[in-house]
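# Structure at a glance
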Amino acid sequence: MSLANAFQTLEHHFSIAYGRPPMIHEDASVIQHNIFTQTPSTSQGDLRLHSQVDLFIILTRIYFAFGPDVDLEVPESDFPKIDQFDLDLGDWKSAWLPRLGEW
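Residues numbered from 1 in each chain as written. Predicted model: local features only at pLDDT ≥ 70, side-chain atom pairs only at ≥ 80, totals over all residues. Heavy atoms only, no water.

## Some points on helix 3 (residues 44–66)
What counts here: Note on conventions: DSSP H or I runs of at least 4 residues are helices, E runs of at least 2 residues are strands, and numbering of each starts at the N terminus. By this rule the span expected of a helix is its residue count minus one, scaled by 1.5 Å.
Under the 1.5 Å per step criterion, the end-to-end length of helix 3 is 33 Å for 23 residues, consistent within 8% with the ideal 33 Å. Phi for Gly67, located one or two positions after helix 3, is positive at around 80°.

## Quick word on the packing of helix 3 against helix 4 (residues 79–100)
To be explicit about the condition: Interaxial angle, 0 to 180 degrees, is taken between N-to-C directions of lines fitted to C-alpha atoms, where a helix line uses only the stretch in contact. Angular relationships are summarised with four words: roughly parallel below 35 degrees, roughly antiparallel beyond 145, roughly perpendicular across 65 to 115, and oblique for the angles in between. In what follows, a contact means two residues having at least one pair of non-hydrogen atoms within 4.5 Å. Note on residue categories: nonpolar means Ala, Val, Leu, Ile, Met, Phe, Trp, Tyr, Cys or Pro, charged means Asp, Glu, Lys or Arg, and polar means any other residue, Gly included.
Interaxial distance between helix 3 and helix 4 falls to 10 Å at its minimum, and their mutual angle equals 180°. On the basis of the axis angle, helix 3 is roughly antiparallel to helix 4. Residues Gln44, Leu47, Arg48, His50, Ser51, Asp54, Leu55, Ile58, Arg61, Ile62, Ala65 and Phe66 of helix 3 form the contact with helix 4, whose own contacting residues are Lys81, Ile82, Phe85, Asp88, Leu89, Trp92, Trp96, Arg99 and Leu100. Tallied by class, residues from the contact of helix 3 with helix 4 come to 12 nonpolar, 3 polar and 6 charged.

Put into C-alpha cells, the structure is as follows:
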C-alpha cells in the first residue's frame, strides 16, 4: 500500500466530515489503485485501505453531483443520479465485503 493512497483516503474522509470538497481528485494512481491489490504481498490492511479508496471515488462523485448543502432539496430530475449512486454503492459492497473478511 502506498503512503500516497493512505493520505488520500484520510484526506478524503476529513473533507466529508468538514463539509468541504476533497483536495485530491481522481488521477491514474487513484483510478487504477486496484492494481496494487493483485500482488501476493497484499495484506488484509492493504485491502481495507483500498476498499476505502474505492468508496471515496464514489463519495466524491456524489459530492460533486449534489454539492455540500445537505439542506438543499434534490429536484426530481436528479433521482436517476441517486439511483445510479445507490447501485454504485451496492456494487462496492458486493465487490469488497467478501474480500475483507470479518470486521
